[in-house]
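Summary of the model geometry
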Amino acid sequence: MEKVNGIGGVFIRARDPDALALWYRDHLGINLVPQDATGAPWVSDGGVTIFAPFAADTDYFPASQQVMINFRVSDLAAMLVQLDAAGIKPFSETAMEGIGLFAHVMYPEGNAIELWQPAS
């Protein structure tokens, strides 16, 4: 059976797509979408990608959004220090034994993303 092997693209409606793309580049290190063959797209490191439908009434992420993106990180503490320096604070942090460390932050248009450091 063929299987997908990670996030190949995420498409988000945005009031200001250029500013949001720059926020992701500047704070999370995600390259902008190439505009021609010379541009370098974001290439993620290999690793686990979770696909998890949630109940419609979940409180795991805000009810105002239909989708939340989870990004793998190597060092969550370092990422949170970097984000804190830019004035971006997590609104939750959790640890799941055997799974890893998690933090949720809001991006400028009011949606939550999850950062995940897998357990080693």
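Residues numbered from 1 in each chain as written. Predicted model: local features only at pLDDT ≥ 70, side-chain atom pairs only at ≥ 80, totals over all residues. Heavy atoms only, no water.

1. Looking at the overall build of the protein
Along its length, the protein carries two helices and four strands. Along the protein, helices (α) and strands (β) appear in the sequence α-β-α-β-β-β when read from the amino end. For the protein, the C-alpha radius of gyration of 15 Å lies close to 14 Å, the compact-globule estimate for 120 residues. For the protein, the spread of C-alpha atoms along the three principal axes comes to 45 × 45 × 30 Å. Each of the 120 residues in the protein was classed as buried or not, and the buried ones make up 25%. Partitioning the contacts of the protein with sequence separation of at least 6, the portion at a separation of at least 24 is 52%. Accessible surface, the protein as shown: approximately 8,700 Å² in total, 56% of it carbon and sulfur. Distance between charge centres in the protein, computed from 6 positive and 14 negative side chains, equals 4 Å. (Helix = DSSP H or I, 4+ residues; strand = E, 2+ residues; numbered from the N terminus. Rg over C-alpha atoms; globule rule 2.2 N^0.38 Å. Buried < 20%, exposed > 50% of the residue type's maximum accessible area, 1.4 Å probe, protein only. Contact = heavy atoms within 4.5 Å. Areas by Shrake-Rupley, 256 points an atom, 1.4 Å probe, with all protein chains shown as cover. Lys, Arg positive; Asp, Glu negative; His and termini not counted. Charge placed at Lys NZ, Arg CZ, Asp CG, Glu CD.)

2. Remarks on the pattern of salt bridges
Counted by the stated rule, this structure contains two salt bridges. Lys-89 serves as the salt-bridge partner of Asp-84, at 2.3 Å between the closest nitrogen and oxygen. Residue Asp-84 is classed as partly exposed on the basis of its relative accessible area of 38%. (Salt bridge = Lys/Arg side-chain N within 4 Å of Asp/Glu carboxyl O.)

3. Things to note about the pairing of strand S2 (residues 92-96)
Strand direction decides the pairing type here: S2 and strand S3 (residues 100-106), joined by five bridges, are antiparallel. Along S3, the bridge assignment pairs Glu-93 with Ala-103. Joining the antiparallel neighbours S2 and S3 is a turn of three residues, in which Gly-98 adopts a positive phi near 80 degrees. (Pairing = 2+ DSSP bridges.)

Honestly, it's all geometry; don't read function into it.
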